[in-house]
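The lines below spell out each chain.
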Amino acid sequence: MNTIEITLPSKKYKRRMTIFSVSAIVVSVACIYMNFNPLGFFAEFHFVRDLLGEMFMPNYRVLADNSSIGYSILQTLSMAFLGTIYGGIIAVILAFLAALNTMPYRIVRVLTSITLSLLRVIPVLVVILIFVIAVGPGVFAGMLTLVITTIGTFGKLFAEIIENTENPPGEAIYSVGASRLQVIRFSIIPQILPSLIANLLYAFDVNIRTAIGLGIFGGGGIGFQLQMAKSVLHYKDVTALISIIIVLVILAEKLSDFLRRKILGDGKLR
Amino acid sequence: MIEVKNLTKSLPNGRMLLDGISFKVRKGEFVGILGPSGAGKTLTLRCLNGLLKPDTGEVIIHDENGNGRDICKINKRELRRVRQRIGVIFQGYHLVKRLSALENVMIGRLGQISTARSLFYGFTDGEAAEALLALEKVKIGHLAEIKTGNLSGGEMQRVAIARAIFQLPTLLIADEPISNLDPSNAKVIMKMIKPLSATMPVVGVFHQPDMTAKYCTRVIAIKDGKVIYDGDPKLSNDMLVEIYGEELSLIEQQEHAVPAMLIN
Amino acid sequence: MNNRNMPYRLCLLTDFMKWREFSFKRYRKWLLPLLILAAMTEGAAIICGATFGKLEEGLLKGISFLGFMFPPDWSAFAEMVQPAFQSIVIAFLGTVFGTILSVVFALLAAANISNPWVRNITRLLIGLERSIPEIVILLLLIAAFGLGSMPGIIALSLGCIGMLGKLLADTIEELDPIMMESMESVGANKMQIIVFGVLPQIMPNLISYALFRFEINIRLSVILGAVGAGGVGYELDYSFGMLQYHRAFTALLVIIVMIFGTERLSYILRGKIKMEGALK
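Since this is a predicted model, take the numbers as computed values, not measurements. (Residues numbered from 1 in each chain as written. Chains lettered and ligands numbered in written order. Predicted model: local features only at pLDDT ≥ 70, side-chain atom pairs only at ≥ 80, totals over all residues.)

Draft legend 1. A look at the environment of Arg119(C). Residue and element names in this part refer to chain C. Relative to the assigned elements, Arg 119 resides in helix α5 (residues 116–131). What makes Arg 119 partly exposed here is the crowd of 18 C-beta atoms within 10 Å. Each C-alpha atom, one on Arg 119 and one on Ile 268, is 35 Å from the other, the two residues being 149 residues apart in sequence. Those residues in contact with Arg 119 that sit more than four places away from it in its chain are Leu 108, Ala 109, Ala 110, Ala 111 and Ser 114. (Helix = DSSP H or I, 4+ residues; strand = E, 2+ residues; numbered from the N terminus. Buried ≥ 20, exposed ≤ 12 C-beta atoms within 10 Å, placed from the backbone. Contact = placed C-beta atoms within 7 Å.)

Okay, structure coming up:
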């Protein structure tokens, strides 16, 4: 009769409890360190209730009273749009410079890759703060920030997409001459175009959300209006603006979804 | 014993999926249900444990004292209690792949354990020992700690059988348990299911008349929602044609040969 | 011709005409959409006050300012350690609580677990949450609770719901229904099916998604910090406000190290999960 080795459930239970206890202790220590009481949200819920009370009945008249609200929506959209387009174009160009199969000169590839990585890692906050100083607060600074962040997010991605294309000719092509290089460009471009468009539409989506956030730091647009309303405690205006933001974001999402489907046919985002 | 009386189920457009299905299965019987695809076999089986509620009819399950309950009429909590004692084997990979074979067997008694204890503590060592015994009965005790997803199809079905054994059931139902298995594994599984019928009624849906001929004590054929045959598992060629509508011939399988069905 | 002054619309047109040499017919269907795009870009550019020239100028100004911020204030590094650690802890707690919340939401939002009414309402809530930028959530929480790490952690937790809730709900819905039917047939109730069937199956995905979200939360923690949640984001904003740009550069470097480190860690851990998740 051979015995079979199994872990007894009681041992497994002990193991599970240990892991759970240790995790709970780590989390609790972290909470204490940060002075955070998770239950505080519920214990001090009256704050939330008071706030909700002040916020409720959104004041849509603020749209009529303050004509700049409507304009600021346009500003946010433009910011996101331009940031995506300009950023996208530059990202594509840099991607070509960084991709293995389109840039034969290693030094250029390496330098571009490093640049793209740096741009990716630099936090949005720093970028907006810098541009606010460099070109003054407002929509322009916000737009430039979005250009940079778009390049950062998508530059590397586009480079990978380019590298993943099916490319029959080998490196021999490069020795043949410039016009052939252009032929490669136009064999790669049709292949990457669907992915490119899908990602740009997605970028637009993300950039709208970011643009709203940037408004708070001086980027202009509806985020800025939100911050303004909040600082003068016009909470009913705040609610109205938030609802507009939600509608805006959802519409943008539906739009980008619709466009993606129209241009590319049904299928998931690659 | 399980008693099925006059089951009917129809689609909204009027088509009858089940049209008066009635039969009885007693302890000691291993019944195989055959029939062409879409005939209503699986629907009938699902009525047997309440996964499907028929439009009319009764499904009466008798426990060991002989008291019968019509499971079509009981509430969810009672149904759960009845299901504790019904073992099920489905087709394909129906166990939890990321849990070990042993854990999957122990899941069989989840209905019999209090919810609180099962969720916060899990299973007891005693239950684990019994589950191991069940796995050894189906000859895969050595695979107890292996994640079920890593087992072969035949091994997984054996875990399913072990799970059923572990439940100490009063009824065993199987939905095409061997359809996904190669012939030698199918034989092994049938050989393991058959002895279980000594202590409880066993009802299974099959697509393999040669297997039911060899291992079942009785065969029921369902076509177009009706029972058209109920009797000897060794079906004649004419009967096969009537059931499946094709020229089929059954070759009696020898001990080590692979069973074959020829289509003329 | 001085490219700097040429309106971008003309640039687009001349580029487009160069393509004619290859095959005009093929690109004809792009004509209308491109014109619309060009028109929209023009409109947006007017609103933002951004022509090609100004764009280039602005970018260069920004980059040169970055250069101006260099070198970092070396003495400030020591001051940045604690805030950086705080930002990490904020992100960590936000991810932990956010994941727990998301699991609850995901279970409610999965068609194979909850009833249609609950499922649709929960999906709506998840979609709604996705539409609200975390900063907005933070502003509201600050309005309610004041400044500090608490609104930051709550904002990050709530922010997880939109992403993790949806991903997990989709993962749960993709589970093989026969597995759950099998468990139901032996008498398990809903809670047991969830604990013994659903959770073990989605665990690798859950951890993977959570790690990915942690990366995102670290970045958010920096931004939210500047708005008032504390940590190194606050230090950065403060430095800018006090015109101490070298100190700000120090903060920037610390943040970059933080983000890089987190990404590496997350990548390595997710790689290990992938191997584990292959049912070993």
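Draft legend 2. Inspection of the interface of chain B and chain A at higher detail. In this complex, chain B contributes 12 residues to the contact, which on the side of chain A involves eight residues. Sort the elements by how many residues they give to the side of chain B that touches chain A and helix α5 (residues 125–137) of chain B lands first, with three residues. Of the residues assigned to the side of chain B that touches chain A, the class counts are six nonpolar, four polar and two charged. (Nonpolar A, V, L, I, M, F, W, Y, C, P; charged D, E, K, R; others polar.)

Draft legend 3. Summary view of the packing of helix α3 (residues 45–55) of chain A against helix α6 (residues 134–145) of chain C. Where α3(A) meets α6(C), the axes come as close as 8 Å, and the angle between the chain directions of the two elements is 115 degrees. In terms of axis orientation, α3(A) runs roughly perpendicular to α6(C). In the crossing of α3(A) with α6(C), the sense of the turn from one axis to the other is right-handed. Contacts from Phe47(A), Val48(A) and Leu51(A) in α3(A) reach Leu140(C), Ala143(C), Ala144(C) and Phe145(C) in α6(C). Classifying every residue of the contact of α3(A) with α6(C) gives seven nonpolar, no polar and no charged. (Axes fitted to C-alpha atoms, helices over the stretch in contact; angles between N-to-C directions. Parallel < 35°, antiparallel > 145°, perpendicular 65-115°, else oblique. Left-handed = near helix turned anticlockwise from the far one by under 90°.)

Draft legend 4. Structural view of unusual backbone geometry. Omega for the bond connecting Phe70(C) with Pro71(C) falls within 30 degrees of zero, at 5 degrees, which places this linkage in the cis form. With respect to the helices and strands, the residue Pro71(C) is situated in the loop between α3 (52–69) and α4 (77–108). Not every positive phi belongs to a glycine, and Asn6(B) is a case in point at roughly 55 degrees. Examined against the element boundaries, Asn6(B) turns out to sit in strand β1 (residues 2–10). Despite not being glycine, Asp224(B) has its phi angle at roughly 55 degrees, a positive value. Locating Asp224(B) in the fold gives a position in the loop between β9 (218–223) and β10 (226–231).

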